[in-house]
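# Observations on the three-dimensional arrangement
Each chain, written out:
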There are 4 protein chains.
Amino acid sequence: MSQTAYPPISEHLDDVEGAREEGRRKMDWAFQHMPILTELQEDFEAEKPLSGQTIGMAMHVEAKTANLVEVLADGGAEVAITGCNPLSTHDDVSAALDSHENITSYAVRGVDDEEYYAAIEAVIDHEPSITVDDGMDMVAAIHDDYPELIDSIVGGCEETTTGVHRLRAMDEDGALNYAVFAVNDTPMKRLFDNVHGTGESSLASIAMTTNLSWAGKDVVVAGYGYCGKGVAQKASGQNANVIVTEVEPRRALEAHMEGYDVMPMSEAAEVGDVFLTTTGNRDVIVREHFEAMQDGVLLANAGHFDIEIDLDALDDLAADRYEARDGVEAYEMDDGRRLNVVAEGRLVNLAAPVALGHPVEVMDQSFGVQAACVRELVENGESYGAGVHDVPDELDEEIAEIKLAAEGVEFDSLSEEQREYMGSWEHGT
Amino acid sequence: MSQTAYPPISEHLDDVEGAREEGRRKMDWAFQHMPILTELQEDFEAEKPLSGQTIGMAMHVEAKTANLVEVLADGGAEVAITGCNPLSTHDDVSAALDSHENITSYAVRGVDDEEYYAAIEAVIDHEPSITVDDGMDMVAAIHDDYPELIDSIVGGCEETTTGVHRLRAMDEDGALNYAVFAVNDTPMKRLFDNVHGTGESSLASIAMTTNLSWAGKDVVVAGYGYCGKGVAQKASGQNANVIVTEVEPRRALEAHMEGYDVMPMSEAAEVGDVFLTTTGNRDVIVREHFEAMQDGVLLANAGHFDIEIDLDALDDLAADRYEARDGVEAYEMDDGRRLNVVAEGRLVNLAAPVALGHPVEVMDQSFGVQAACVRELVENGESYGAGVHDVPDELDEEIAEIKLAAEGVEFDSLSEEQREYMGSWEHGT
Amino acid sequence: MSQTAYPPISEHLDDVEGAREEGRRKMDWAFQHMPILTELQEDFEAEKPLSGQTIGMAMHVEAKTANLVEVLADGGAEVAITGCNPLSTHDDVSAALDSHENITSYAVRGVDDEEYYAAIEAVIDHEPSITVDDGMDMVAAIHDDYPELIDSIVGGCEETTTGVHRLRAMDEDGALNYAVFAVNDTPMKRLFDNVHGTGESSLASIAMTTNLSWAGKDVVVAGYGYCGKGVAQKASGQNANVIVTEVEPRRALEAHMEGYDVMPMSEAAEVGDVFLTTTGNRDVIVREHFEAMQDGVLLANAGHFDIEIDLDALDDLAADRYEARDGVEAYEMDDGRRLNVVAEGRLVNLAAPVALGHPVEVMDQSFGVQAACVRELVENGESYGAGVHDVPDELDEEIAEIKLAAEGVEFDSLSEEQREYMGSWEHGT
Amino acid sequence: MSQTAYPPISEHLDDVEGAREEGRRKMDWAFQHMPILTELQEDFEAEKPLSGQTIGMAMHVEAKTANLVEVLADGGAEVAITGCNPLSTHDDVSAALDSHENITSYAVRGVDDEEYYAAIEAVIDHEPSITVDDGMDMVAAIHDDYPELIDSIVGGCEETTTGVHRLRAMDEDGALNYAVFAVNDTPMKRLFDNVHGTGESSLASIAMTTNLSWAGKDVVVAGYGYCGKGVAQKASGQNANVIVTEVEPRRALEAHMEGYDVMPMSEAAEVGDVFLTTTGNRDVIVREHFEAMQDGVLLANAGHFDIEIDLDALDDLAADRYEARDGVEAYEMDDGRRLNVVAEGRLVNLAAPVALGHPVEVMDQSFGVQAACVRELVENGESYGAGVHDVPDELDEEIAEIKLAAEGVEFDSLSEEQREYMGSWEHGT
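Residues numbered from 1 in each chain as written. Chains lettered and ligands numbered in written order. Predicted model: local features only at pLDDT ≥ 70, side-chain atom pairs only at ≥ 80, totals over all residues.

## Some thoughts on the overall build of chain A
- Secondary structure summary: chain A contains 17 helices and 15 strands in total.
- Relative to its length of 429 residues, chain A is compact, with a C-alpha radius of gyration of 23 Å against a globular reference of 22 Å.
- Along the first, second and third principal axes, the C-alpha atoms of chain A reach 70 × 65 × 45 Å.
- Evaluated residue by residue, chain A yields a buried proportion of 62% over its 429 residues.
- Considering only contacts within chain A whose residues lie at least 6 apart along the sequence, 72% involve residues at least 24 apart. (Helix = DSSP H or I, 4+ residues; strand = E, 2+ residues; numbered from the N terminus. Rg over C-alpha atoms; globule rule 2.2 N^0.38 Å. Buried ≥ 20, exposed ≤ 12 C-beta atoms within 10 Å, placed from the backbone. Contact = placed C-beta atoms within 7 Å.)

Spelled out as structure tokens, the structure:
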């Protein structure tokens, strides 16, 4: 394998020492509030379960993720990492990581396409035995360009919805040649990340971008999946009057039975003060809706891509357009109505100027599962065939137990008789 | 097939006319609040989709169920019905049903075992082509004693958790010889019935049995499945301080993240004011817990059988025992503490003296699915092989749509582009 | 003073012993959940602070009140009591009270007007030194017919809003000739009684009268005072979608900012599923509203008198009228719509067939204040001039402290420095 | 009166034009969400009710307040303004204000004491007929140094708790020589500002400073007044487990009955994850509490001054102290525990780096009352004698009505009969 020229972060910075220090400060703050990783770090450092492994990672290189990377390295692995999005990298965190003796970080903020892929190649040059992805860049690059590595790969982990969907598609086509855990799909991730993480951070990001409050507002939540439930529940908990739009009748009924108003977007458009899309679909708020909206509304996206709100149509409609506030673009109509788009319709808890992404504790749960999955691959990798695998329930439960223990929360266990009773019940008597 | 001697309800009553009238009044009240059955009744009466079918039913014969029975009869079916529990039958409702030209009701309150089974046989003598069960009595009797009928049976429906579990066990053993829909397992039933139905009716039953309030009470909810979530959410909504006990770590964590206190029952026993079991397991509250409880606590069950609270152990411990109030048995300890058991530890929303069972609207959803499943069996029964079948999503969604329409709730539908986008997404691009 | 012929309860009953036993059982249940009265009872019994006093009472003679009566008697007072409403008396509880050596009870259920006033006279014949009223019947009778008693009266207590209003009117006219505590107006009563007591018991009474649920219902709450807030909060806590109607703009805004829908009754009438009046005013729901309502709505009153819903107009409009269910009168319109009035539009938590009045704990707080006020009259009565007096904050706080102690709730106290700081602050520096 | 040398903001800035533009942008955003001021602005501009008046103001010169200032100027008044805190001034907003033909702004960020008072004098040199204060600086300066102006002063308005307290003290001492409205004390301000404004903005500021979430956290709220209720309600609405500490038993009971845990701070210290003080008192969290706290806790103040958390004692205890994150100071104990103080224990919704102060809508209500009070002083000033005056209910109601109208919320009004009924009731019949 040829040596690429792409150098690690330290060669990109002027003040490496200063960057490391600042990056470490950021990591420390997060780590202080990541009890699961803290517990795993202790175990991993003592037991070195990942000795002999090389882990290739492409993830958002910021403080929370960095703590996962370090736990893996402390567990005995060699880790090579790069970013999974040129804009999400914190150079200081990247530098702090790179100073760890087992870690090489190639993540640099704001690189161009060529550099981005060179960095991925630089990671692959370490000949990873395990991959950890946030959007399957690493898996794709290996399958496309380094198929010869696959034989020595134990397996991989994928963090995101998008990544998992694409991997399943590859799998269906018979094109996925090693085992990958769908970390995204575990209950531990879906429930907490979406309901609590997206819900809380989206609302706080909007409030701190706009200086507006929720009490008494008509808040339209488009979509009532996990994210939509979270946003609706948290907005209601700030005394907003929540309106839900849905396309699936049972979800619509669920929202109705929870006590929310349910209506089509065409009606909601007329009464809403704030609109939050959480559907994962496109064109959820479109021209006819913009035409019906009141002056001063806020439009934001907490779903996936920036296509839920049709900004092209909005731009088309608008007579004028200007930055009303950092992170808020006002589209002014001919009739004087101003429709305010927060964070360009991109994920508001990531893209707003004050946004910090998901809360630390929520990422701790998700990354705890990641670390446990990597360990599982080392210990039992051979038992998983090529393809996408659900995370075993035991691993997910183990992470829940660690979290509960760290929070000082005790719970019951089944007695022998109870276990038998449930067993007999489940198998019929 | 021999003629059994067991007569329908009308021959058991003195004042048949009076009973019919009172039964009709009860049914009318419920029907007024069953928009789904109302809608289906209109369709069924107009289209007679069940013409030529004979339906054998064993269900609780009270006002809500009676409306399902009548809708099936109005749809063209001959219906023969008996109770599924000798104590749950309302004779007046049974009489009102029996007065329908297409219905014969054998349900009589308080019958003994022999009569109970004679009534089941009487139903089977009608040679049902479809069975509708609440605890699989009808399926069992046919398989055990009338196997010759099975060939002409299109299929069946089962309403309960217990029934479905047993049917699955039969199915696994290869002993289930016709198709049965697991109505119990649909989202429409699980979500609304358990969360809203059990939650609300259990709390209201306790309040109206005891004249006590929820505000400021420490309410211990054992189990955080659907029922437990419902009870916790509704108790919290009455300003109780909710404490959850669990044996599964992820559920425990879910309760913790919802903001509830989570602890082992041994600790909860010391602080709780009211204890509600919702586990479906046995011996959830036992001797050591009784010993730790405060004077004046309430103990009730909203789960399944009356074995969640170990009443034998409690009786053993108690120095005295008396009816403190209709529906409340006080167990007095040597040290003067009084532990108050509501409704003998049986399902509190059914067994408390003032209890009315599940709310009407909740049963409307569940029975709407039943009616749709019966129609599905007639229309497409041949496509379902012997065994337990999940209710097709389309039927469940249809019922949700009918409910929403009846409530005047409109919702969106996917555009062609959106459908394509979701499709492309789900299959990967 | 002449001897009246009106005899105590025991002479009105056939089975006095049986009645006493049943009455005692009812009282015991309540007392078990009245920690404040329990604590005061112990003190009163030990210290006999009411020795030498005679207390004349006209109150609802049922289990909760009876415990107050007994505490006063245990405190050394002679107590003579009668009912304050001929229909609210429980004869068995009256008999149990009457068996106490210091108590004579003249309360008998269902007496006619003549007997009702004879019973009041019988109480006054005991020459009370203190009066305790629930609607100022005792105060009125003494001022009207026995003014000669006033000189020896230490003071009185009044439980109700109505009573206090009337007393204030007398006071303004210079016609109130002894001191009366406005027990009704204390924070301890208003907050808990109205918000939690009325809120919870009204909703539970409706649910257990109708077998209907709250989830997803549009519940219209007329009036957003303390009662309205309680009903709105508790209904929202059962997943209803709450709609508030108001006439005072700041209250309307408060409801709006809490996240509720606010609209005029004329609009609410069109969308509501359940209507609850809590205004204390008349004609809140009238003909034009009935005309706009949907089929199957529930109408109930949780405010004061049965004039909030204009039943005459409803009767006028209705083509038919019948008892749809115990406690529910259906008014059927020409167009087939059925409007269902619960408990005849009287206070639903008192007048519904299953209703039990206010929860025990709530009355415990209110009666705790009563007992403390009676003791205050004995100890410091001379310091209160003729007229209506607010309950001194110290008494109200004392009851709060007793309740918290009974619940095992500890709280902080101010340090000397903190007290000084607050003092300096409040007096400006 | 001598001419002071202190110049308006424009002479302090290099790029006045640029500052004005940016200041205007900030004001516009706020104004877009201030429907009450928008409505009053239209009326004021049309009717010029303040013609001939000169208003002297000392307030926080930032976007929200600036809109009030401009409304007053548009109403015909000459306005001279300076800051009420050298650190809260936004120079760009000050410049934008100063560009209004009727406004002179002397507010400059970061001035020293001498300049601060020179700016106040500069305002007074305009010889105000009305004062509007945020902390009574203007009233104090006039009474102390320019008593000769008092005769021509119509009256004043005071925005803050502190200011009102001091004015009442002056009033009691007979030292307040003109009428001042206690704007701070209106229901419109207290309810919304404290409950919704403080509650929401404090929690959002903490979340966006720390990247932490609320779900499942034990959040200790010290004090259960209006602010404490707001913080508790909003934290609970984000799925925190709320613990309340109090010194007043009825408030403690109120919190308990709401379903919160209530305990002394010494116990809460052991279990809390986040501590928020809202008492207005000093030394609420002290050495013994720090000693008991867990590693990683957050400490913040949402009450008044920065003396609620005893930071001196904390500094004393700490082995080390460092900035853990912008806006977070970590105090590290000998045993390794880190206690994290947010925003130096100053008001967290003002002093945190990302903080934006109270939400716009909340200030709109408060400033709406201000504007109405200024107009009232002009129209009926002579009817208010020297001293502190409550804002007349009609003004407060008028502002509520304007807000409701702007939100499109309609409400009912009393019929003649209802008004009579309530009247008769209130006066007793």
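## Overview of the relation of the copies chain A and chain B
- Under the fitted operation, chain A is carried onto chain B by 0.0 Å of movement along the axis and a turn of 180°, and the coordinates agree to an RMSD of 0.0 Å. Such a combination of rotation and displacement between the chain copies is what one expects of a two-fold axis.
- Counting the interface residues of chain A, we find that 100% of their copies in chain B are interface residues as well, pointing to one common contact surface. (Least-squares fit on C-alpha atoms with pLDDT ≥ 70 in both.)

## Considering the interface of chain C and chain A
- The partner chain A presents 11 residues to the 11 residues of chain C that form the contact.
- Top contributing element to the side of chain C that touches chain A by residue count: helix α10 (residues 249-258) of chain C, with three residues.
- Taken together, the residues that form the side of chain C that touches chain A break down as three nonpolar, six polar and two charged. (Nonpolar A, V, L, I, M, F, W, Y, C, P; charged D, E, K, R; others polar.)

## Quick word on the pairing of strand β10 (residues 274-277) of chain C
Residues and elements named next belong to chain C.
- Across the two faces of β10 the burial is the same, with Val-274 and Leu-276 and Phe-275 and Thr-277 all buried.
- One ladder, built from four bridges, connects strand β7 (residues 218-222) with β10; its direction is parallel. Across the sheet, the residue bridging to Val-219 is Val-274, located in β10.
- Taken together, the four bridges between β10 and strand β11 (residues 298-301) define a ladder with parallel strand orientation. Following the sheet pairing, Phe-275 is matched in β11 by Leu-299.
- Where the polypeptide runs from β10 across helix α12 (residues 287-292) and back to β11, its parallel neighbour, the crossover connection is right-handed. (Pairing = 2+ DSSP bridges. Right-handed = clockwise from strand over helix to strand, strands pointing away.)

## Re unusual backbone geometry
Residues and elements named next belong to chain A.
- Of note, Ala-343 is a non-glycine position whose phi angle comes to about 55°, a positive value.
- With respect to the secondary-structure elements, Ala-343 resides in the loop between β14 (338-342) and α14 (348-351).
- Residue Ala-343 is classed as buried on the basis of its 25 C-beta neighbours within 10 Å.

## A closer look at the UniProt feature "binding site: substrate" (unreviewed entry) in chain A
Residue and element names in this part refer to chain A.
- Residues annotated by UniProt as "binding site: substrate" (unreviewed entry) correspond here to Asp-134, Glu-159, Lys-189 and Asp-193.
- Inspection of the secondary structure assignment puts Asp-134 in the loop between β4 (130-133) and α6 (137-145).
- What Asp-134 contacts, discounting residues up to four positions off in sequence, is Ala-58, Met-59, His-60, Cys-84, Glu-159, Thr-160 and Gly-163.
- You can see Glu-159 is positioned in the loop between β5 (155-158) and α7 (161-172).
- What Glu-159 contacts, discounting residues up to four positions off in sequence, is Met-59, Asp-133, Asp-134, Val-183, Asn-184, Ser-366 and Gln-370. (UniProt positions renumbered as here; feature names shortened; annotations may be inferred.)

## So, helix α16 (residues 393-406) of chain D
- With 14 residues, α16 of chain D should cover 20 Å at 1.5 Å per step; its first-to-last C-alpha distance of 20 Å lies within 8% of that length.
- Among the residues making up α16 of chain D, those that are buried are Leu-395, Asp-396, Ile-399, Ala-400, Ile-402, Lys-403 and Leu-404 of chain D.
- Along its buried surface, α16 of chain D packs onto α10 of chain C together with α2 (35-47), α8 (187-210) and α15 (360-380) of chain D. (Expected span 1.5 Å × (residues − 1).)

## Some details on the domain arrangement of chain A
- According to the domain assignment, chain A contains domain 1 (9-185 + 359-406) and domain 2 (194-351).
- When each unit is reduced to the centre of its C-alpha atoms, the spacing between domain 1 of chain A and domain 2 of chain A is 33 Å. (Domains from an automatic or database assignment.)

## Section: the interface of chain A and chain B
- Counting residues at the interface gives 49 residues for chain A, matched by 49 residues for chain B.
- When residues of the side of chain A that touches chain B are traced back to their parent elements, those giving at least two are α7, α8 (187-210), α10 (249-257), α16 (393-406) and α17 (416-426) of chain A.
- With seven residues, the top contributor of residues to the side of chain A that touches chain B is α10 of chain A.
- Partitioned by chemical class, the residues of the side of chain A that touches chain B number 23 nonpolar, 10 polar and 16 charged.

## Things to note about the sheet that holds strand β1 (residues 54-58) of chain A
Residue and element names in this part refer to chain A.
- Ordered by their spatial adjacency, seven strands build an open sheet running β3-β2-β1-β4-β5-β6-β15, and the pairing between neighbours is parallel. With one partner strand each, in any of the chains shown, β3 (103-105) and β15 (387-389) form the two edges of the open sheet. This sheet shows a mean twist of 20° between the axes of neighbouring strands, independent of strand direction.
- Where β5 lies against strand β6 (residues 179-182), three bridges are found, and the strand directions are parallel. Among the inter-strand pairings, Cys-157 is bridged to a residue of β6, identified as Phe-181.
- Packed on one face of the sheet, helix α3 (residues 63-74) meets β1, β2 (78-82) and β3 and runs near 160° to β2.
- Helix-sheet contacts for helix α5 (residues 113-124) involve β1 and β2, and the interaxial angle to β2 is about 170°. (Axes fitted to C-alpha atoms, helices over the stretch in contact; angles between N-to-C directions.)

## A few points about the nonpolar core
- Residues Ile-81 of chain A, Ile-81 of chain B, Ile-81 of chain C together with Ile-81 of chain D are the most contacted members of the largest nonpolar core, which totals 587 residues.
- Non-local contacts of Ile-81 of chain C, meaning those with residues more than four positions away in its chain, are made with Met-57, Met-59, Val-61, Val-69, Leu-97, Ile-103, Ser-105, Tyr-106, Ala-107 and Val-123 of chain C. (Core = buried A, V, L, I, M, F, W, Y, C linked by C-beta atoms within 7 Å.)

## Here's the deal with the relation of the copies chain C and chain A
- The transform that puts chain C on chain A rotates by 180° and translates by 0.0 Å along the axis, for an RMSD of 0.1 Å.
- By residue overlap, the copies meet face to face through one surface: 100% of the interface positions of chain C are interface positions in chain A.

## A word on the pairing of strand β11 (residues 298-301) of chain A
All names here are of chain A.
- Where burial is concerned, the two faces of β11 agree: the one with Leu-298 and Ala-300 and the one with Leu-299 and Asn-301 are both buried.
- Pairing of β11 with β14 involves two bridges; the strand directions are parallel. Residue pairing for β14: Leu-298 is matched across the bridge by Asn-340.

## Regarding α10 of chain A
- By the criterion of burial, α10 of chain A is predominantly enclosed, with nine of the nine residues buried.
- Taken together, the buried positions of α10 of chain A are occupied by Pro-249, Arg-250, Arg-251, Ala-252, Leu-253, Glu-254, Ala-255, His-256 and Met-257 of chain A.
- Residues of α10 of chain A that are buried make contact with β8 (241-245) and β9 (261-262) of chain A together with α8 (187-210) and α16 (393-406) of chain B.
- After α10 of chain A finishes, the residue Gly-259 of chain A shows a positive phi value of roughly 105°.

## A word on the environment of Ser-366 of chain C
Residue and element names in this part refer to chain C.
- Note that Ser-366 resides in helix α15 (residues 360-380).
- For Ser-366, a count of 24 C-beta atoms within 10 Å translates into the label buried.
- Between the C-alpha atoms of Ser-366 and Ile-36, which are 330 residues apart in sequence, the distance is 9.6 Å.
- Not counting chain neighbours up to four residues away, the residues in contact with Ser-366 comprise Glu-159, Val-183, Lys-189 and Asp-193.

## Here's the deal with the sheet that holds strand β10 (residues 274-277) of chain D
Residue and element names in this part refer to chain D.
- Taken together, eight strands build an open sheet; the order of strands is β9-β8-β7-β10-β11-β14-β13-β12 and the sheet is mixed. At either margin of the open sheet sits one strand with a lone partner, and together these are β9 (261-262) and β12 (320-325).
- As paired strands, strand β7 (residues 218-222) and strand β8 (residues 241-245) are joined by five bridges and run parallel to one another. Across the sheet, the residue bridging to Val-221 is Val-244, located in β8.

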